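# Structural overview for review
Each chain, written out:
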Amino acid sequence: MSAIQVPATAPVDATERKLGTWSWPGGASRTVVSRPDQELQTFLNLLEDNYLQEFLSKDPCFQISDKYLLAMVLVYFQRASLQLSEYTPSNLFLALYLANDMEEDLEDPKCEIFPWALGENWRPRVADFLRQRDKLWARMGFRAAVSRQCCEEVMAKDPSHWAWTRERRPHHGGAQRGCPEALVFLPRGPGLSPPHCSLSSCCRHPHLPWPVPSKRPFLTPVWHHSHLSVAEDPWGEGFLMVLPPPQLYLEPGTYTLHSE
């Protein structure tokens, strides 16, 4: 990625500059938009791109593009001193992949970026994509670590923007060092539905809040007891520990079992 030159502007006498405004002949003043504000607005406008909107919609659990990862992309653009004309989908995919490299434990989800960034025949172009990622990293002075506070400062500049509502669900957070067996082949790319998430309903309703179970929700089992592993209560409090089969996922809470 080569830097794009922008036309130089004529120097302005310091006496003509006021705090937050430019003075013009005749006493008129115009508000100056600071460079960081321009960068933020250009970045937020970039997120409105139809292709990027489709890409973001295919990550309903926000595993590769939650609000912190998106904030990191803007920080990377600024650290690399990208010109505003370089705020493009291609560079966003590079920066987003690098952000995933830095913050995420699981390798498979971020590979979903490849077909979106490289097109249908993406496989032979992955090596070049990774070289371009490294060039962006070098332009940043290899400063890829971004603190949570830094991300929150970015979001605080326009706190009501929809990008900052992409809050990852707790069950997709934290360190995940294991390598669970993939249920679908990744990546899927444009034109296909996102992978089914067996841990929650957020894939079907990404904008709905995560349900909070009541203290004692009612559960009517549809499996015979022989399909459940039951362990006696080791604390002597009259409880049973029920271990469901691997195909069954229960939300946290206290359940009442009724025998048939």
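Everything quoted here is computed from the prediction, not taken from an experiment. The residue numbering used here restarts from 1 in each chain and proceeds along that chain's sequence as written. Predicted model: local features are reported for residues with pLDDT of at least 70 only, side-chain atom pairs are reported and counted for 80 or more only, and whole-chain, interface and lining totals are derived from all residues. The basis for the side-chain values is all heavy atoms of the structure; hydrogens and waters are excluded.

## What to know about the overall build of the protein
Rules: Put simply, DSSP H or I for four residues or longer makes a helix, DSSP E for two residues or longer makes a strand, and each gets a number counted from the N terminus. Only protein chains enter the area calculation, which uses a 1.4 Å probe; residues under 20% of their type maximum are buried, those over 50% are exposed, and those in between are partly exposed. We call two residues contacting when some pair of their heavy atoms lies within 4.5 Å. Accessible surface is estimated by sampling points in the Shrake-Rupley manner with a 1.4 Å probe; for residues, cover comes only from the protein chains shown.
When helices and strands are tallied, the protein shows seven helices and five strands. Classification of the 260 residues of the protein by burial places 31% in the buried group. In the protein, of all internal contacts separated by at least 6 residues, the share reaching a separation of at least 24 is 71%. Summed over all atoms, the accessible surface of the protein reaches about 16600 Å², with 56% contributed by carbon and sulfur.

## Quick word on helix α3 (residues 67-79)
Convention followed: One less than the residue count of a helix, multiplied by 1.5 Å, gives the span that helix is expected to have.
Its 13 residues place the ends of α3 19 Å apart at the C-alpha level, agreeing with the 18 Å of an ideal helix rising 1.5 Å per residue. Counting buried positions along α3 yields eleven of 13 residues, so the element is predominantly enclosed. Buried residues along α3 sit against α1 (35-46), α2 (50-57), α4 (89-103) and α7 (148-156). In the segment just after α3, Ser81 is the residue with positive phi, at about 55°.

## Topic: the state of the cysteines
Condition: Disulfide: a pair of cysteine sulfur atoms within 2.5 Å of each other.
Scanning the entire structure with this criterion turns up zero disulfides. Between Cys150, a free cysteine, and Cys151, which holds the nearest cysteine sulfur, the sulfur-to-sulfur gap is 5.9 Å. The class of Cys151 is buried, set by a relative accessible area of 2%.

## Observations regarding the side chain of Arg166
Using the following cut-off: Here a polar contact means two N or O atoms within 3.5 Å. Within protein one must be a hydrogen donor candidate and the other an acceptor candidate, and residues neighboring in sequence count only if both atoms are side-chain atoms.
Structurally, Arg166 is set in the loop between α7 and β4 (229-232). Residue class for Arg166 comes out buried when judged on its relative accessible area of 8%. In terms of polar contacts, Arg166 uses its side chain to reach the side chain of Ser65, at 2.8 Å.

## Examining the environment of Gln38
Checked against the element boundaries, Gln38 lands in helix α1. Look at Gln38 and you get partly exposed, because its relative accessible area is 33%. Gln38 sits 46 residues away from Leu84 along the chain, and the two C-alpha atoms are 8.1 Å apart.

## A look at the packing of α4 against helix α6 (residues 126-139)
Definition in use: Between the N-to-C directions of two axes lies an angle of 0 to 180 degrees, each axis being a line fitted to C-alpha atoms and, for a helix, fitted only over the stretch in contact. Convention used here: angles under 35 degrees read as roughly parallel, angles over 145 as roughly antiparallel, angles from 65 to 115 as roughly perpendicular, and any remaining angle as oblique. Here the term charged refers only to Asp, Glu, Lys and Arg, the term nonpolar to Ala, Val, Leu, Ile, Met, Phe, Trp, Tyr, Cys and Pro, and the term polar to all other amino acids, Gly among them.
Two elements in contact, α4 and α6, have axes separated by 9 Å at closest approach and are oriented at 80°. Between α4 and α6, the angle falls in the class roughly perpendicular. On α6, the residues touching Asn91, Phe93, Leu94, Ala95, Tyr97, Leu98 and Asp101 of α4 are Phe129, Leu130, Gln132, Arg133, Leu136 and Trp137. Each residue belonging to the contact of α4 with α6 can be placed in one class, and the counts come to nine nonpolar, two polar and two charged.

## Remarks on unusual backbone geometry
Backbone geometry places Ser81, a non-glycine residue, at a positive phi of 55°. Counting through the fold element by element, Ser81 comes out in the loop between α3 and α4. Here Phe142, not a glycine, exhibits a phi torsion of approximately 60°, which is positive. Here Phe142 shows up in the loop between α6 and α7.

## Details of the packing of α1 against α3
Each pair of packed helices can be summarised by the angle the axes make with each other and by the distance between the axes. Going by this rule: Less than a right angle of anticlockwise turn of the near helix away from the far helix marks a crossing as left-handed, whereas a clockwise turn marks it as right-handed.
Contact pair α1 / α3: the axes reach a minimum separation of 11 Å and the direction vectors enclose 130°. In this view, α1 runs oblique relative to α3, as classed from their interaxial angle. Crossing hand, α1 versus α3: right-handed. Residues Pro36, Glu39, Leu40, Phe43 and Leu46 of α1 touch α3, and the partners they reach there are Leu70, Val73, Leu74, Phe77 and Gln78. Tallied by class, residues from the contact of α1 with α3 come to eight nonpolar, one polar and one charged.

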